[in-house]
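# Coordinate analysis (summary)
Spelled out from the first residue to the last, the chains are:
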Amino acid sequence: MENNQDNNQQPAGIVIHSQYIKDMSLEIPLAPEIFKEMNKNPNINVDMGMNSKKMEDGNYNVTLTAKMNADIDGKTLFIVELSYAAVVAVNVPQEHLEPVLYIEMPRLLFPFVRSIIANSLSAAGLPPMLLNPVDFVALYNAKKAKEAEDAKKSA
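Residues numbered from 1 in each chain as written. Predicted model: local features only at pLDDT ≥ 70, side-chain atom pairs only at ≥ 80, totals over all residues. Heavy atoms only, no water.

### Points about a nonpolar patch on the surface
- Judged by side-chain polarity, Ile-14, Ile-16 and Leu-108 come together as a nonpolar surface patch covering roughly 220 Å² of accessible area.
- One can find Ile-16 in strand S1 (residues 13-27). (Patch = residues over 30% accessible without salt bridge, like charges linked within 9 Å, V, L, I, M, F, W, Y side chains within 5 Å. Areas by Shrake-Rupley, 256 points an atom, 1.4 Å probe, with all protein chains shown as cover. Salt bridge = Lys/Arg side-chain N within 4 Å of Asp/Glu carboxyl O. Helix = DSSP H or I, 4+ residues; strand = E, 2+ residues; numbered from the N terminus.)

What follows is the structure, encoded as structure tokens:
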């Protein structure tokens, strides 16, 4: 049987070569005294960001950043920051590249970010706290709107 497929053509898609914690910080500045107030519900703030950079070898380094902090009655309970990254090969049409890097890759990395933060907070003596699911399409659209606004301002 003859194979008519071009052997030099790579299959479309995403190949994750590696994943890693790029940077992580966890602070509980008022420990152990703040633990006495754990019976109160903390006020939690979460900020997510994403970035991608083309590497010299043609792969991309995609980073998902999560910053999460909580306070109880205005006193800092914790501050956690995590940059979780992956080195990926992306073989998609050019018009799909940016959405893959800024929507699909963060969707793939998010469960790891969520787990690392939950486990770290638990290991630090705090009750389990999970990040809620994130709408990466909305984050991507907000990023594009900000870029368009910045471009308009600088023009």
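So much for the structure itself; the text now carries on.
### Here's the deal with the pairing of strand S2 (residues 43-54)
- Two strands pair when backbone bridges link them, and S2 and strand S3 (residues 60-72) are joined in this way by twelve bridges, in the antiparallel orientation. Within the sheet, the bridge partner assigned to Asp-47 lies in S3 and is Lys-67.
- Linking two consecutive strands that pair antiparallel, namely S2 and S3, is a turn of five residues; a positive phi of about 95 degrees is found at Gly-58 within it. (Pairing = 2+ DSSP bridges.)

### Observations concerning the confidence of the model for the protein chain
- Overall, the prediction assigns the protein chain a mean pLDDT of 90, with 92% of residues at 70 or greater.
- Between residues 1-8, whose pLDDT stays under 50, and residues either more than four places distant or in other chains, the model counts zero contacts. (pLDDT = per-residue confidence, 0-100. Contact = heavy atoms within 4.5 Å.)

### Description of the nonpolar core
- The biggest cluster of nonpolar side chains holds 36 residues, and the ones touching the most others in it are Leu-64, Met-68, Leu-77, Phe-78, Val-113 and Ile-117.
- Contributions of two or more residues to this core are made by S2, S3, strand S4 (75-91), helix H1 (94-123) and helix H2 (136-154).
- Here the element with the most residues in this core is H1; it accounts for twelve residues. (Core = buried A, V, L, I, M, F, W, Y, C linked by side-chain atoms within 4.5 Å. Buried < 20%, exposed > 50% of the residue type's maximum accessible area, 1.4 Å probe, protein only.)

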